[in-house]
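Listed below are the residues making up each chain.
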Amino acid sequence: MTQGYQVKEYSQPVKRYCQTLDLKDSPELIARYREAHDPQHA
């Protein structure tokens, strides 16, 4: 078995998109990001 999730098979080529996020090196902004994404706020 291969690692990862099962990919849907299509009869034609499809485009796949991925979004990335770059954080600024700011302790205040990183703290706000972590607070917004912790399990209690999700």
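Cut-offs and rules
Sequence positions are assigned chain by chain, starting from 1 and proceeding in written order. Local features in a predicted model are, by the rule used here, given only for residues with pLDDT of at least 70; side-chain atom pairs are given and counted only at 80 or more, and totals for whole chains, interfaces and linings are based on all residues. Note that water and hydrogens are dropped before the side-chain values are worked out from all heavy atoms of the structure. Helical segments are the DSSP runs of H or I of at least four residues, strand segments are the runs of E of at least two, and each set is numbered from the N terminus. Using a 1.4 Å probe on the protein chains alone, a residue whose accessible area is under 20% of its type maximum counts as buried, one over 50% counts as exposed, and one in between counts as partly exposed. The protein chains shown are the only cover counted for residues, whose accessible areas, like all others here, come from Shrake-Rupley with a 1.4 Å probe. Charged-residue counts in this description rest on Lys and Arg as positive and Asp and Glu as negative, His and the chain ends being excluded. Note that the charge is assigned to NZ on lysines, CZ on arginines, CG on aspartates and CD on glutamates. Exposure above 30% relative accessible area and the lack of any salt bridge qualify a residue for a patch; like charges then connect within 9 Å, and the nonpolar side chains Val, Leu, Ile, Met, Phe, Trp and Tyr within 5 Å. A side-chain nitrogen of Lys or Arg and a carboxyl oxygen of Asp or Glu constitute a salt bridge if their distance falls within 4 Å. We call two residues in contact when some of their heavy atoms are within 4.5 Å.

(A) A look at the overall build of the chain. Across its full length, the chain holds one helix and zero strands. By its C-alpha atoms, the chain is 50 × 20 × 20 Å across when sized along the principal axes. Residue burial in the chain is summarised as follows: out of 42 residues, 2% are buried. A total of about 5,100 Å² of accessible surface is found on the chain, and carbon and sulfur atoms cover 50% of it. Here the chain holds 6 positive side-chain charges and 6 negative ones, and the gap between their average locations is 10 Å.

(B) Seen up close, a nonpolar patch on the surface. Together, Leu 21, Leu 23 and Tyr 33 make up an exposed nonpolar region whose accessible area comes to about 290 Å². When its relative accessible area of 58% is taken as the criterion, Leu 21 is described as exposed.

(C) Quick peek at the environment of Arg 16. For Arg 16, the location among the structural elements is in the segment before helix H1 (27-36). Between the C-alpha atom of Arg 16 and that of Gln 40, which follows or precedes it by 24 residues, the distance is 31 Å. Excluding residues that lie within four positions of it along the chain, Arg 16 makes contacts with Val 7 and Lys 8.

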